[in-house]
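Fold and geometry: a report
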Amino acid sequence: QVQLVESGGGLVQPGGSLRLSCAASGNIFSIYYMGWYRQAPGKQRELVATINSGGSTNYADSVKGRFTISRDNAKNTVFLQMNSLKPEDTAVYYCNAFLSIAGPARNNYWGQGTQVTVSS
């Protein structure tokens with residue numbers, strides 16, 4: 001019913017930058033928020049950043065000041081600009097959307113994940 005399509009992952013050297021994109025498609029009624037999570041090998045999935053329909057954002061302390069989340073509401077797309085990347089940022093990054101497809105009921109949806117590798 002809802003599909004989240006991610007792009008932008010890849011291999012980058014420490015200090016470099018990447019920009020992730022995630023577009024939500026389907027019979028979407030309303031998006032409450034979209035965001036990014038990540039999961040590194042041997043670690044639990046963790047919140048990276050979220051942005052709601054009004055533009056309010058929040059970030060994990062580990063990425064604050066380096067990452068910026070933004071969105072294009074008309075295209076149901078969220079972006080994650082990642083600067084000053086560190087090896088510890090290496091993880092699979094998952095797009096997440098909390099939205100409704102029929103009326104007020106809200107559900108969360110996940111993308112397939114995109115690999116980000118920061119290595120020299």
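The notes below deal with the structure included here. On a predicted model such as this, the values are computed, not experimentally measured, just so you know. (Residues numbered from 1 in each chain as written. Predicted model: local features only at pLDDT ≥ 70, side-chain atom pairs only at ≥ 80, totals over all residues. Heavy atoms only, no water.)

A look at the pairing of strand β3 (residues 18-26)
Where strand β1 (residues 2-7) and β3 come together, six bridges link them in antiparallel fashion. Opposite Ser7, over in β3, you have Ser21 as the bridge partner. Direction of pairing for β3 relative to strand β8 (residues 77-82): antiparallel, over a ladder of six bridges. Considered in β8, the bridge of Cys22 is made with Val78. (Pairing = 2+ DSSP bridges. Helix = DSSP H or I, 4+ residues; strand = E, 2+ residues; numbered from the N terminus.)

What to know about the packing of aromatic side chains
With the rule as written, the count across this model stands at four aromatic pairs. Here Tyr33 and Phe98 contribute two aromatic rings whose centre-to-centre distance is 5.5 Å and whose plane-to-plane angle is 35°, an arrangement assigned as tilted. Residue Tyr33 is located in strand β4 (residues 30-39), and its partner Phe98 is located in strand β9 (residues 91-100); the two are separated by 65 residues in the primary sequence. Residue Tyr33 is classed as partly exposed on the basis of its relative accessible area of 21%. In this structure Phe98 comes out as partly exposed when scored by relative accessible area, which is 23%. An aromatic cluster of three or more residues is present, and its members are Tyr32, Tyr33 and Phe98. Against the face of Phe79 rests Arg19, its NZ or CZ located 4.1 Å from the ring centre. Over the ring of Tyr94 we find Arg45, and its NZ or CZ is 3.9 Å from the ring centre. (Phe/Tyr/Trp six-rings, centres within 6.5 Å; stacked < 30°, edge-to-face > 60°. Buried < 20%, exposed > 50% of the residue type's maximum accessible area, 1.4 Å probe, protein only. Lys NZ or Arg CZ within 6 Å of the ring centre and 35° of its normal.)

Examining the pairing of β8
Here β8 lies mainly inside the structure; five of its six residues are buried. Summarising the sheet, strand β7 (residues 67-72) and β8 pair through six bridges and their orientation is antiparallel. Following the sheet pairing, Arg71 is matched in β8 by Val78. Counting the residues in the hairpin turn of β7 and β8 gives four residues, including Asn76, whose phi is positive at 50°.

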